[in-house]
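Coordinate analysis (summary)
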Amino acid sequence: MADDPHTRKSDEHSSEGVAGAVLGYLLAGIVAWGFLGWLAERFFDLRTGIGVAVGMMLGAAGAIYLIMKRLSA
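Residues numbered from 1 in each chain as written. Predicted model: local features only at pLDDT ≥ 70, side-chain atom pairs only at ≥ 80, totals over all residues. Heavy atoms only, no water.

**A closer look at the overall build of the protein**
Applicable threshold: In DSSP terms, a helix is any run of H or I states spanning at least four residues, a strand is any run of E spanning at least two, and both are numbered starting from the N terminus. Relative accessibility thresholds used throughout: buried, under 20% of the residue-type maximum; exposed, over 50%; partly exposed, between the two (1.4 Å probe, protein chains only). Between two residues, a contact is recorded if the distance between any of their heavy atoms is within 4.5 Å. Residue exposure ignores everything except the shown protein chains as possible cover, and the areas themselves are Shrake-Rupley values with a 1.4 Å probe.
The helix and strand inventory of the protein stands at two helices and zero strands. Considering the protein as a whole, with its 73 residues, one finds that 15% of them fall into the buried category. Taking the intrachain contacts of the protein between residues at least 6 apart in sequence as the baseline, contacts between residues at least 24 apart amount to 55%. Here the protein has roughly 5900 Å² of accessible surface; of this, 69% comes from carbon and sulfur atoms.

**Digging into the environment of Val22**
Locating Val22 in the fold gives a position in helix α1 (residues 15–44). On the accessibility criterion, Val22 (25% relative accessible area) is partly exposed. Those residues within four positions of Val22 in sequence are excluded, and the remaining contacts are Ile67 and Leu71.

**Quick look at the pattern of salt bridges**
What counts is decided by this rule: Whenever Lys or Arg places a side-chain nitrogen within 4 Å of a carboxyl oxygen from Asp or Glu, that contact is recorded as a salt bridge.
Enumeration according to the criterion identifies one salt bridge in this entry. When the shortest N-O distance is used, the salt bridge between Asp45 and Arg47 registers 3.3 Å. Arg47 shares its class with Asp45; the two are exposed.

**Description of α1**
The following threshold applies: Residue count minus one, scaled by 1.5 Å, sets the expected span of a helix.
Helix length check: α1, at 30 residues, gives a terminal C-alpha distance of 43 Å against a target of 44 Å (1.5 Å per residue), a fit within 8%. Buried residues of α1: Ala21, Gly29, Gly34, Gly37 and Glu41, and no others. Among the structural elements, α2 (50–71) are those in contact with the buried residues of α1. Taken from the residues just after α1, Asp45 is the one with a positive phi, measuring 55°.

**Points about the packing of aromatic side chains**
By convention here, two paired aromatic rings are described through the distance between centres and the angle between planes. As a reminder of what qualifies: Two aromatic rings, drawn from Phe, Tyr or Trp (for Trp, its six-membered ring), form a pair once their centres lie within 6.5 Å of each other, and the interplanar angle then sorts them: stacked below 30 degrees, edge-to-face above 60, tilted otherwise.
Inspection of the entire model under this criterion finds two aromatic pairs. Seen in terms of ring centroids, Phe35 and Trp38 are 5.7 Å apart; in terms of plane orientation they differ by 25°. Their pairing is stacked. Taken as a pair, Phe35 and Trp38 lie in helix α1 at a separation of three residues, close to a single helical turn. On the accessibility criterion, Trp38 (34% relative accessible area) is partly exposed.

**Some points on α2**
Put simply, the test is: Each direction from the helix axis to a C-beta atom contributes to the arc, which is the arc of those directions.
Across its 22 residues, α2 extends 31 Å between first and last C-alpha, which sits within 8% of the 32 Å expected from 1.5 Å per residue. All of the buried residues in α2 are Gly51, Gly55, Gly59, Ala60, Ala63 and Ile67. All buried residues of α2 project into a common sector of 160° when viewed along the axis, lining one side. Exposed residues pointing more than 90 degrees away from the buried face of α2 are listed as Ile50, Met57, Leu58, Tyr65 and Lys69. Summarising the contacts, the buried residues of α2 are in contact with α1. With its phi angle positive at about 55°, Ser72 sits one or two positions after the end of α2.

Next comes the structure, spelled out in structure tokens:
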């Protein structure tokens, strides 16, 4: 059965695996860096919410960078 259309090379990504990785990177980056921003707000005694917002944006940007680097986009 050399002509089986369901066989895949080992280096090909499944669409479910890629989607899960993308979602995981985005959520983890946003949550982790948002939490670090919240900690920075508490440490510097700021009450504006800017630390969380900046942390979440940095997390999203870092996650997008990692996604593009991993998927060679």
